[in-house]
Amino acid sequence: MFTFVQLTHFVAVAEELHFGRAAERLRMTQPPLSRQIQLLEKAVGAELFDRSNRTVKLTRAGRAFLLDARRLLQQAERATLAVRRVSAGTGGVLRLGFTGASVHSGLPRVLAAARAALPDVDVELREMVTMDQVEALSEGALDLGMVRPPVTRPDLLTRTFVQEGLIAAIPAAHPLAETTGELPVTALHGADMVMHAPVEARYFHELVTTVLHAASVVPVVTQYMTQVHSILALVNLGWGVALVPESAAGMRFDQVVYRPLAEVGARVELDLVWRQGNENPALARLIPELARADTGAADARVSRDGG
């Protein structure tokens, strides 16, 4: 079988059509160059050059082989560059998990940071609930996740990435939709409510339940759902009100009105999670970039608040 060195030598001779000039171009002497071409011709089973009359010409077989030789060398160069990029963390693949609700909060910031720090890395997006992300991260099927706390696996590292408030999502035909300003949580007492599922959406379920209990509010739960967009779809159909993260207001539904809540200190958190010992260089480059992006976002929030 021929080697890539022989292919390089063959292309040089084919382009120069002169062994002396090709040897000078390759920074070698002519005899070993001629020997490499002979070995290549033996490997492919055909003469590639016509050396008669003190001239060098490509044979018919040589002209056909030149196209493949150039293509093979280009592919080898691309493969080498790709490996170097992966090793440096500027190439390869990053598998990113996210919850449905994070599409309007954390996900845009992570993707912006990835585009800035990893322009040649392919980002594979996988929408998954928190429990499934935690399992996938532990098994090595994900590189980075965006999940709801808490994460208690000792093999996983976490960092709080997004904090936001809760808002009320109200059917447009509901009497509460006609109110203005902040909505007291007590206004939800006895109201039909679409609630977060206690198992699949445990974080939101416990957070909302705590807010309701603190205000002595007992709603009438019409349905339990896992994803925020599914909850809003039912609110849009008039099944009841819901408490959702404020970033959910970016999900536009024709029959949903959003209202801020009065005197609610509870904050919705979104954490970045990755496995200790993950050897993906792209992850190692992205985490510091996300820390810088998070610092910039915090500075912007302070500026807007007049701090």
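From a predicted model like this one, the values you see are computed outputs, not experimental measurements. (Residues numbered from 1 in each chain as written. Predicted model: local features only at pLDDT ≥ 70, side-chain atom pairs only at ≥ 80, totals over all residues. Heavy atoms only, no water.)

In this model helix α1 (residues 4–16) runs 18 Å from its N-terminal to its C-terminal C-alpha over 13 residues, within 8% of the 18 Å that 1.5 Å per residue would give. Listed as buried for α1 are Q6, L7, H9, F10, V11, A12, V13 and A14. A positive phi of about 50° marks L17, the residue just after α1. (Helix = DSSP H or I, 4+ residues; strand = E, 2+ residues; numbered from the N terminus. Expected span 1.5 Å × (residues − 1). Buried < 20%, exposed > 50% of the residue type's maximum accessible area, 1.4 Å probe, protein only.)

The next subject is the environment of T222. Within the secondary structure, T222 is located in strand β10 (residues 220–225). Residue classification places T222 among the partly exposed positions, given a relative accessible area of 28%. Sequence spacing of T222 and V83 is 139 residues, and the spatial spacing of their C-alpha atoms is 54 Å. Those residues in contact with T222 that sit more than four places away from it in its chain are D192, M193, V194 and W239. (Contact = heavy atoms within 4.5 Å.)

Examined against the element boundaries, D254 turns out to sit in the loop between β11 (242–245) and β12 (256–262). The class of D254 is exposed, set by a relative accessible area of 72%. Sequence-wise, D254 and N236 are 18 residues apart; in three dimensions their C-alpha atoms are separated by 7.1 Å.

The subject of this paragraph is the nonpolar core. Counting 37 residues, the largest nonpolar core has L188, L212, V228, L232, L243 and V244 as the members making the most contacts within it. Put simply, the parts of the chain that give this core at least two residues each are β7 (166–171), β9 (192–196), α7 (202–214), α8 (228–236), β11 and β12. The element best represented in this core is α7, accounting for six residues. Among residues more than four places away in sequence, those in contact with L232 are A169, V244, A248, M251, F253, V256 and Y258. The next biggest cluster of nonpolar side chains, apart from the first, holds 22 residues, and it includes L96, A113, A117 and L283. (Core = buried A, V, L, I, M, F, W, Y, C linked by side-chain atoms within 4.5 Å.)

Of the consecutive residues P149 and P150, the connecting peptide bond is found in the cis state with omega at 0°. Here the phi dihedral of R27 falls at roughly 60°; this positive angle occurs in a residue that is not glycine. With phi around 55°, E263 is a residue other than glycine that occupies positive phi space. Looking at the element boundaries, E263 is found in the loop between β12 and β13 (268–275).

The next point concerns the pattern of salt bridges. Note that side chains of opposite charge can pair when their charged atoms are close. A complete count under the given rule lists ten salt bridges for this structure. For E206, the salt bridge is made with R202, and the minimal N-O distance between the two is 3.7 Å. With a gap of four residues between them, E206 and R202 both fall in helix α7, about one helical turn apart. Its relative accessible area of 40% is what places E206 among the partly exposed residues. (Salt bridge = Lys/Arg side-chain N within 4 Å of Asp/Glu carboxyl O.)

Turning to the packing of aromatic side chains, a few remarks are in order. Across all of its chains, the model carries five aromatic pairs by this definition. With a centroid separation of 5.4 Å and an interplanar angle of 55°, the aromatic rings of F10 and F49 are classed as tilted. You can see F10 sitting in helix α1 and its partner F49 sitting in strand β1 (residues 49–50), a full 39 residues away along the chain. For the pair formed by F10 and F49, the shared burial category is buried. Summarising the aromatic geometry, the rings of F19 and F49 are spaced 6.1 Å apart at their centres and angled 65° between planes, so their arrangement reads as edge-to-face. Residue F19 is located in helix α2 (residues 19–25), and its partner F49 is located in strand β1; the two are separated by 30 residues in the primary sequence. Judged by its relative accessible area of 1%, F49 falls in the buried class. Through a chain of ring-to-ring contacts, three or more aromatic side chains come together here, namely F2, F10, F19, F49 and F65. For R109, the ring lying beneath its charged end belongs to F161, and the centroid distance is 4.3 Å. (Phe/Tyr/Trp six-rings, centres within 6.5 Å; stacked < 30°, edge-to-face > 60°. Lys NZ or Arg CZ within 6 Å of the ring centre and 35° of its normal.)

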